[in-house]
Structures are given as C-alpha cells and as structure tokens.
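Coordinates in review
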Amino acid sequence: GLQSSPDKMFIFVGVITLLLQCAVSLGYFIGCAVPTPEMAVALVPVFLVPFLLTGGLLINKDRLDPYFIWLEKISFISYAYEALIINEFS
C-alpha cells in the first residue's frame, strides 16, 4: 500500500534513521545522567511514553489539552510521524 517510487522510499528510510538516532540519543542521555543501569531502565518509560502519546498516532494533536502542547512540540516522534505522513500523501 505504500508509494513505490524510489525518492519516497529514500525519504522514508532517512526519516526512520533520524528517528532511530533521536531515540538512541535519548537513551544515551538517560544512561549518562543516572548512576545505575537499573535506574536508567526504569526512567526511560517516563520520558518515552509521553512522547509516544503526543506523537500524533495514538492521540489526535487537535484534542490535546492546552497544558500538553509543549510536550507535543518537543516530541521527536511527532515530527517523524508528520514527516512520514507528508511523504506518503503528498
């Protein structure tokens, strides 16, 4: 069902690669900020779940409460999802 042109595929792979790099960077940041690996593993969902919820796939951006708008603006998942949607449907 996805578009089969090579330029769309390369943009898709590029966006997914950048999303992966952002997620790895967040993991490195949390891993360096806490003293133990166990604490890092416990702390990752605290950062990642709000980014997933405000990314646009699970909750519509237009229905977010006003006090969650800032979280949507810093969510790297939101920007990647929007870039993939624009790539596919434009």
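In this report, the structure presented in the accompanying data block is examined.

Thresholds applied
Residues numbered from 1 in each chain as written. Predicted model: local features only at pLDDT ≥ 70, side-chain atom pairs only at ≥ 80, totals over all residues. Heavy atoms only, no water. Phe/Tyr/Trp six-rings, centres within 6.5 Å; stacked < 30°, edge-to-face > 60°. Helix = DSSP H or I, 4+ residues; strand = E, 2+ residues; numbered from the N terminus. Buried < 20%, exposed > 50% of the residue type's maximum accessible area, 1.4 Å probe, protein only. Salt bridge = Lys/Arg side-chain N within 4 Å of Asp/Glu carboxyl O. Core = buried A, V, L, I, M, F, W, Y, C linked by side-chain atoms within 4.5 Å. Contact = heavy atoms within 4.5 Å. Patch = residues over 30% accessible without salt bridge, like charges linked within 9 Å, V, L, I, M, F, W, Y side chains within 5 Å. Areas by Shrake-Rupley, 256 points an atom, 1.4 Å probe, with all protein chains shown as cover.

Considering all chains together, one arrives at 2 aromatic pairs under this definition. With a centroid separation of 5.5 Å and an interplanar angle of 70 degrees, the aromatic rings of phenylalanine 51 and phenylalanine 76 are classed as edge-to-face. One end of the pair, phenylalanine 51, is in helix α2 (residues 37-53); the other, phenylalanine 76, is in helix α4 (residues 76-89), and 25 residues separate them in sequence. Residue class for phenylalanine 76 comes out buried when judged on its relative accessible area of 15%.

This part covers the pattern of salt bridges. If you walk through the whole model with that rule in mind, you get 1 salt bridge. Notably, a salt bridge pairs lysine 73 with glutamate 72, separated by 4.0 Å at the nearest N-O pair.

What follows covers the nonpolar core. Within soluble globular proteins, side chains that are nonpolar tend to cluster in buried spots. Counting residues in hydrophobic clusters, the biggest one holds 8 residues: Leu26, Ile30, Val34, Ala40, Phe51, Leu71, Phe76 and Ile77. Mapped onto this core, the elements with two or more residues apiece are α1 (6-33), α2 and α4. In this structure, leucine 71 is in contact with Pro50, Phe51 and Thr54, ignoring residues within four places of it in sequence.

The next point concerns a nonpolar patch on the surface. There is a patch of nonpolar side chains on the surface, built from Leu2, Met9, Phe10, Phe12, Val13 and Ile16 and spanning about 570 Å² of accessible area. By secondary structure assignment, the location of phenylalanine 12 is in helix α1. Using a relative accessible area of 37% as the deciding quantity, one classes phenylalanine 12 as partly exposed.

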